[in-house]
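The lines below spell out each chain.
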Amino acid sequence: MEHPENNEEYKGLVVNSGVEQPSIVNPYLQRGRFARRRLTADDYVEGILKGNTAILGQAVTLVESTNPEHQLIAQEVIEKCLPYSGNSIRIGISGVPGAGKSTSIDEFGIHVLQRTGGRLAVLAIDPSSEKTKGSILGDKTRMEKLSVHPDSFIRPSPSAGSLGGVARKTRETIILCEAAGFDKIFVETVGVGQSETACHSMVDFFLLIQLAGTGDELQGIKRGIMEMADGIVINKCDGDNVDACHLAARQFQNALHLFPMPDSGWLPKVLCYSGFYGLGIKEVWDMIYEYIDFVRQNGYFQHRRAEQAKYWMYESIHEQLLSGFYNNATIASLLPRAEQSVLDGQKTSFIAAKQLLDTYFALL
Ligand code: GDP
């Protein structure tokens, strides 16, 4: 039976009663629970390196925390894990809502675990999670088979901050997962905007899931997103939809031929599959492994990772400059007046911005 303390209704009753209630929890149990020693950065690192997923999960929570104290420990843990990271293949998986990402990731995950053993972490970048306070991407309930697999670790998107902040946390989580022995990392993202760029900047292979539709498949998809893809897969190639999928695949393949050859030297392939019926899954992964072999041999694999590390250095600078500025108490108190003076036409945007920035830098 569920413990009454965990019951929302019960909590509501207690909060609303207005009467101080005696604790119903055994005081000794409670003391034991709260007296648990706080883990040090070294404890986290030790647990992670042993592959302990409970400790890994707690460390990821620290990474996601906005509490400066947690952040300090998190950064130390990340730094200490860094030498043990990098030994994985990182796959980005993108597609619009309803494209079949979770269904596919469940199948893909089981396939790669059966095929190569090892451990799989499924992470996510969901920029909308800031508004909805909690992402559905990467949610365990969406991946029935993987969620009960002993060698998988599923983590929804971090939910706080800007897209850059959310993406940075996902990237840091990759480092921790790799140090914990996860040799396959999936990063799921919604195919609707900038989150692809963030996802692309942390993976070795970017897979775009598409659907066949009305014959004008190419119209709904931004050229930039297609250019990022190392492979495009048309999902739901089953039942009456098979011909439409093959037609869509030909259209995508033709469109890809019009793009300049990617730096990787790999011409993206287009395949059809059915995540729901588990058809064509092996072929999708043959393609991905073929790509990995190809870029490992021609040196692009390492080149891309090095470029990504550089990209994330600049992203970190941008993010920290922004948050340092906006979280500064003096700036926060000056901003409303500055904004009003620009709205009233008393100051130009440029002058108002310059004054605020000058004030900020003088404070440092
Ligand atoms: P997501 O929003 O991209 O994660 O998509 P879901 O995996 O939740 O799938 C959306 C809907 O499409 C669900 O109703 C799935 O059952 C269905 N679906 C997913 N993959 C397939 C497929 O291969 N074939 C068919 N016919 N339906 C699928």
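Further up the page is the structure itself.
This report concerns the structure included in the present document.

## Considering the pairing of strand 7 (residues 269-272)
Part 1: Here four bridges tie strand 6 (residues 231-235) to strand 7, and the two strands are oriented parallel to one another. Within the sheet, the bridge partner assigned to Val 233 lies in strand 7 and is Leu 271.

## Some details on the site of the ligand
Part 1: Around the ligand there are 15 residues in total, and Gly 98, Lys 101, Thr 103, Arg 142 and Asp 238 lie nearest to it.
Part 2: Between the ligand and Gly 98 there is a distance of 2.8 Å, counted from an oxygen atom to a backbone nitrogen or oxygen.
Part 3: Within the backbone of Phe 276, an N or O atom sits 2.9 Å from an oxygen atom of the ligand.
Part 4: When the ligand sits alone it has 580 Å² of accessible area, and the protein chains cover 69% of it.
Part 5: If you tally residues by element for the shell around the ligand, the top one is helix 6 (residues 101-116), at three residues.
Part 6: Residue composition of the shell around the ligand, by class: four nonpolar, seven polar and four charged.

## Overview of the pattern of salt bridges
Part 1: For the structure shown, the criterion picks out 18 salt bridges.
Part 2: Across the pair Lys 269 and Glu 290 runs a salt bridge whose closest N-O atoms are separated by 3.0 Å. Here Lys 269, found in strand 7, pairs with Glu 290, found in helix 13 (residues 281-298); they are 21 residues apart in sequence, far enough to count as distant.
Part 3: In this structure, Lys 354 engages Asp 358 in a salt bridge whose closest nitrogen and oxygen atoms are separated by 2.8 Å.

## Side note on the packing of aromatic side chains
Centre distance and the angle of the planes are the two values used to describe a pair of aromatic rings.
Part 1: Scanning all chains against the criterion turns up 13 aromatic pairs.
Part 2: Relative to Phe 294, the ring of Trp 266 has its centre 5.8 Å away and its plane inclined at 50 degrees; by these criteria the two rings are tilted. Taken together, the residues Trp 266 in the loop between helix 12 (242-257) and strand 7 and Phe 294 in helix 13 connect sequence positions 28 residues apart.
Part 3: We classify Trp 266 as buried; its relative accessible area is 6%.

## Focus on the nonpolar core
Soluble, globular proteins show a tendency: their nonpolar side chains are buried together.
Part 1: Among the nonpolar cores identified, the biggest contains 52 residues, and Ile 48, Leu 56, Leu 176, Ile 232 and Ile 234 are the most heavily contacted of them.
Part 2: Per-element tally for this core: the top contributor is helix 9 (residues 163-179), with seven residues.
Part 3: Composition of this core by domain shows at least three residues from each of domain 1 (4-81) and domain 2 (85-300).
Part 4: Those residues in contact with Ile 48 that sit more than four places away from it in its chain are Ile 55, Leu 56, Ala 59, Val 77, Cys 81, Leu 176, Ala 179 and Ala 180.
Part 5: Among the nonpolar cores identified, the runner-up in size contains 32 residues, and Ile 105, Leu 120, Met 143 and Tyr 273 belong to it.

## Some words on the packing of helix 9 against helix 14 (residues 300-326)
Part 1: Remark: helix 9 packs on helix 14, axes separated minimally by 10 Å, with the N-to-C direction vectors making an angle of 135 degrees. Classified by the interaxial angle, the pair formed by helix 9 and helix 14 is oblique. Of the two possible hands of crossing, helix 9 and helix 14 adopt the one that is left-handed. On the side of helix 9, the interface is formed by Gly 164, Gly 165, Ala 167, Arg 168 and Arg 171, while helix 14 contributes Gln 308, Ala 309, Trp 312, Glu 315, Ser 316 and Glu 319.
Part 2: Residues belonging to the contact of helix 9 with helix 14 are distributed by class as follows: three nonpolar, four polar and four charged.

## With respect to helix 13
Part 1: Here helix 13 contains 18 residues, and its C-alpha end-to-end distance of 26 Å stays within 8% of the 26 Å for a straight helix at 1.5 Å per residue.
Part 2: Listed as buried for helix 13 are Ile 281, Val 284, Trp 285, Met 287, Ile 288, Tyr 289, Tyr 291, Ile 292 and Val 295.
Part 3: Backbone geometry just after helix 13 places Gly 299 at a positive phi near 85 degrees.

## Side note on the environment of Met 287
Part 1: Looking at where Met 287 falls in the secondary structure, it is placed in helix 13.
Part 2: Residue classification places Met 287 among the buried residues on the basis of a relative accessible area of 3%.
Part 3: In sequence terms Met 287 and Val 270 are 17 residues apart; their C-alpha atoms lie 9.5 Å from each other.
Part 4: If near-sequence neighbours (up to four positions away) are discounted, Met 287 is found in contact with Phe 205, Leu 207, Gly 231, Val 233, Trp 266, Lys 269 and Leu 271.

## Focus: the side chain of Lys 184
Part 1: When you line up the elements, Lys 184 lands in strand 4 (residues 184-190).
Part 2: Engagement of the side chain of Lys 184 in a polar contact is seen with the side chain of Asp 183, the distance being 3.2 Å.

## Brief notes about helix 3 (residues 41-49)
Part 1: For helix 3, the set of buried residues is Ala 41, Asp 43, Tyr 44, Val 45, Gly 47 and Ile 48.
Part 2: At its buried positions, helix 3 is contacted by helix 4 (53-64), helix 5 (68-81) and helix 9.

## Things to note about the side chain of Arg 304
Part 1: With respect to the helices, strands and loops of the structure, Arg 304 is situated in helix 14.
Part 2: Excluding residues within four positions of it along the chain, Arg 304 makes contact with His 200, Val 203, Asp 204, Phe 205, Phe 206, Asp 230 and Tyr 291.

Basis of the calculations
Residues numbered from 1 in each chain as written. Predicted model: local features only at pLDDT ≥ 70, side-chain atom pairs only at ≥ 80, totals over all residues. Heavy atoms only, no water. Pairing = 2+ DSSP bridges. Helix = DSSP H or I, 4+ residues; strand = E, 2+ residues; numbered from the N terminus. Near = heavy atom within 4 Å. Polar contact = N/O pair within 3.5 Å; in protein donor to acceptor, adjacent residues only side chain to side chain. Areas by Shrake-Rupley, 256 points an atom, 1.4 Å probe, with all protein chains shown as cover. Nonpolar A, V, L, I, M, F, W, Y, C, P; charged D, E, K, R; others polar. Salt bridge = Lys/Arg side-chain N within 4 Å of Asp/Glu carboxyl O. Phe/Tyr/Trp six-rings, centres within 6.5 Å; stacked < 30°, edge-to-face > 60°. Buried < 20%, exposed > 50% of the residue type's maximum accessible area, 1.4 Å probe, protein only. Core = buried A, V, L, I, M, F, W, Y, C linked by side-chain atoms within 4.5 Å. Domains from an automatic or database assignment. Contact = heavy atoms within 4.5 Å. Axes fitted to C-alpha atoms, helices over the stretch in contact; angles between N-to-C directions. Parallel < 35°, antiparallel > 145°, perpendicular 65-115°, else oblique. Left-handed = near helix turned anticlockwise from the far one by under 90°. Expected span 1.5 Å × (residues − 1).

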